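# Observations on the model geometry
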Amino acid sequence: MKASAEVSCVFTVVLLFWIHPVRGTKIWHPRVEFMNPANWAHGVIPTHGQVIVFPRKLNALVGLPEGILSTSWFILPQQGGLLLPDHSFSLNILSVELPEVAVAVFKAPGRTPYYAGDNWVKYDEIRATRQLPNAAVPHSERIPCQYEEAVFEVDNSIPKPVDMQYHESIVLGNVRFGDAIEGVENFQHFISSELGQFLFYNAEDTLIRQGKCANAEKCPCQEERQMDAICSNTVCATPHCLSPIRPSGHCCPICGSVFRMDMASFSGAFNLQSFTDKLSRKIAAEVEEVDVEYHVGIDRSAGANVVQLIIVDKDEYGERSVRMMNSLRPFFEKQFSSGFLITHAGQPHTPFEAGQLLGFLLFTMIATSTFFSALYVYHYDDTLLPRLRAAIRNRQFFTTPFVFARFDPNSEGDGLSVDVNFASGVETVNEAREDTVATVVTENASSFDNPMFEQSSPKVDTAAEAFDDVELSVK
């Protein structure tokens, strides 16, 4: 009888464990740490006897470190709070003149949105590890799903302030803040308290609700309005491929490959964990781990029930994900006879940015104008090309009339040079006429002598080389 009771007890425990599956857990990642140099001005942690100053509007909670904290002055914030360790803490105030010591200023931490995927890490309960989301994970699954647990750890550091952004409600399977607060109702009371408002901003009208489903078998990860909030906090990069794809749950188009298989067309029972394990071994055998990133999940948005595999390249897109997906096609054909669809992003392509597009348009306009101008000159202007060829043949581009001609010793017969020298004498101007005429008479053969071209020559009659009179008409 005793043995029968023991067997019944063991059977009950096993049955309860099988009924309640292990729910997923996501942990809030940003922290505010006293001993982190990034949180102090000039990036230096306070030293022994240094003045410690907290900003007047800290608007956050900061946990003090364990041990002895020696300082000459300790200036507290007016808005904010300091949490003392449970044990092993002592504050030692030293008698040091203020001008003789340096000052360490703690920087007020900023706030970061709840619906931002980079702020959460997934906790693997089997391996007891934390995983940051890779580029293949949909944005909807980077935030705690409605059947998962959200954890805000409180130990030697405090969570960075969370901005609820006035959202109407947040749906969770469970929520835990440190070791003292657990459960949706208790957490709702905490964020409404004075202490909770230093950690959760804009949460006055936010309702924390229990999810409709206990696991991911029947419900989507996020509701449609949650997706709008998630995508509003997501900055999309420009995809460098010809045909970017947007898998379900992603806020941005990406480069890579997507496999989708509708569960309605699958005959028999489907085990997602078994399929994921086989796929992981297959991918590990095909490529190096540093080449691609992938994610396997179930898409249940809008009533769908589709297995979705997303493969993307690490770093720069080079079609490694496409080749990986093509190599897995025989495996998919063996697992699923039909009903699956594979989509690729295409070849690498770098689209024009705003400045590059403007430069391309400007270059195109210049090239088009040049082409049509040359076409017009060739067919309709019969005089320009002969003049241009004559100018090049006679080197007119290298001899300008008013600069180089007077230095040319052989400028008498080239037909291109002009003498701009003037005579030194000026005749009398007749002021009685309405149109005044001034006559300038040249007296010398040249305005100046250039020693570079001085040559000894026989004396020539100056009258023979006299310049023509230049008549200037002034009205």
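Coordinates for the structure precede this section.
In short, a report on the structure. Just so it is clear, the model here is predicted, and its values are computed rather than measured.

### Regarding the sheet that holds strand S9 (residues 103–105)
Taken together, 3 strands build an open sheet; the order of strands is S6-S3-S9 and the sheet is parallel. Here the strands that pair on one side only, and so sit at the sheet edges, are strand S6 (74–75) and S9. In the sheet, strand S3 (residues 51–53) pairs with S9 via 3 bridges, with the strands oriented parallel. Its bridge partner lying in S9, Val-51 is registered against Val-103.

### Looking at the pattern of salt bridges
Per the stated rule, a full pass over the model turns up 7 salt bridges. For Arg-176, the salt bridge goes to Glu-149, with nearest N and O atoms at 3.6 Å. Highlighted residues: Arg-176 in strand S17 (residues 174–177) and Glu-149 in strand S13 (residues 149–152), separated in sequence by 27 residues. Given the relative accessible area of 26%, Arg-176 is considered partly exposed. For Glu-223, the salt bridge goes to Arg-225, with nearest N and O atoms at 3.2 Å.

### Some remarks on the sheet that holds strand S15 (residues 162–163)
Read from one edge of the open sheet, 3 strands run S10-S15-S19, paired in parallel fashion. Pairing within the sheet leaves two strands with one partner each, and these edge strands are strand S10 (112–113) and strand S19 (200–201). Taken together, the 2 bridges between S15 and S19 define a ladder with parallel strand orientation. When the bridges of S19 are listed, Val-162 appears paired with Phe-200.

### With respect to the packing of aromatic side chains
Per the stated rule, a full pass over the model turns up 24 aromatic pairs. Where Trp-120 meets Phe-152, the ring centres are 5.7 Å apart and the plane angle is 65°; that geometry is what we call edge-to-face. Taken as a pair, Trp-120 in strand S11 (residues 120–124) and Phe-152 in strand S13 lie far apart in primary sequence, 32 residues in all. When sorted by exposure, Trp-120 lands in the same class as Phe-152, which is buried. Aromatic side chains Phe-152 and Phe-187 sit 5.8 Å apart centroid to centroid with 5° between the ring planes, which places their arrangement in the stacked category. Of this pair, Phe-152 sits in strand S13 while Phe-187 sits in helix H2 (residues 184–192); the two residues are 35 residues apart in sequence, bridging distant segments of the chain. What makes Phe-152 buried here is its relative accessible area of 1%. Clustering of aromatic rings is evident, with ring pairs tying together Trp-28, Tyr-114, Tyr-115, Trp-120, Phe-152, Phe-177, Phe-187, Phe-190 and Phe-200. If you follow Arg-111 out to its NZ or CZ, it ends over the ring of Tyr-201, 3.9 Å from the centre.

### Thoughts on the state of the cysteines
The final tally for this structure, using the stated rule, is 5 disulfides. Covalently, Cys-231 is tied to Cys-251 through a disulfide, its sulfur atoms 2.1 Å apart. Disulfide Cys-231-Cys-251: the torsion about the S-S bond is -85°, which places it as left-handed. Of this pair, Cys-231 sits in helix H3 (residues 224–232) while Cys-251 sits in the loop between H3 and strand S21 (256–262), and the two are 20 residues apart along the sequence. You can call Cys-231 partly exposed: its relative accessible area is 26%. Sulfur-sulfur distance for the disulfide between Cys-236 and Cys-252 comes to 1.9 Å. Classification of the bridge connecting Cys-236 and Cys-252 rests on its S-S torsion, roughly -75°, and on that basis the disulfide is left-handed. Taken together, the positions of Cys-236 in the loop between H3 and S21 and Cys-252 in the loop between H3 and S21 put the pair 16 residues apart, joining distant regions of the chain. On the accessibility criterion, Cys-252 (6% relative accessible area) is buried. Taken N- to C-terminal, the disulfide-bonded cysteines of the protein chain are connected 1-4, 2-3, 5-8, 6-9, 7-10.

### Examining the side chain of Asp-163
Note that Asp-163 resides in strand S15. The side chain of Asp-163 sits in the buried core without any salt bridge; Arg-111 is the nearest counter-charge, 4.9 Å away. In this structure the side chain of Asp-163 is engaged in a polar contact, spanning 3.0 Å, whose partner is the backbone nitrogen of Gln-165. Only 2.8 Å separates the side chain of Asp-163 from the side chain of Asn-202, close enough to count as a polar contact.

Parameters and conventions
Residues numbered from 1 in each chain as written. Predicted model: local features only at pLDDT ≥ 70, side-chain atom pairs only at ≥ 80, totals over all residues. Heavy atoms only, no water. Pairing = 2+ DSSP bridges. Helix = DSSP H or I, 4+ residues; strand = E, 2+ residues; numbered from the N terminus. Salt bridge = Lys/Arg side-chain N within 4 Å of Asp/Glu carboxyl O. Buried < 20%, exposed > 50% of the residue type's maximum accessible area, 1.4 Å probe, protein only. Phe/Tyr/Trp six-rings, centres within 6.5 Å; stacked < 30°, edge-to-face > 60°. Lys NZ or Arg CZ within 6 Å of the ring centre and 35° of its normal. Disulfide = S-S within 2.5 Å. Lys, Arg positive; Asp, Glu negative; His and termini not counted. Polar contact = N/O pair within 3.5 Å; in protein donor to acceptor, adjacent residues only side chain to side chain.

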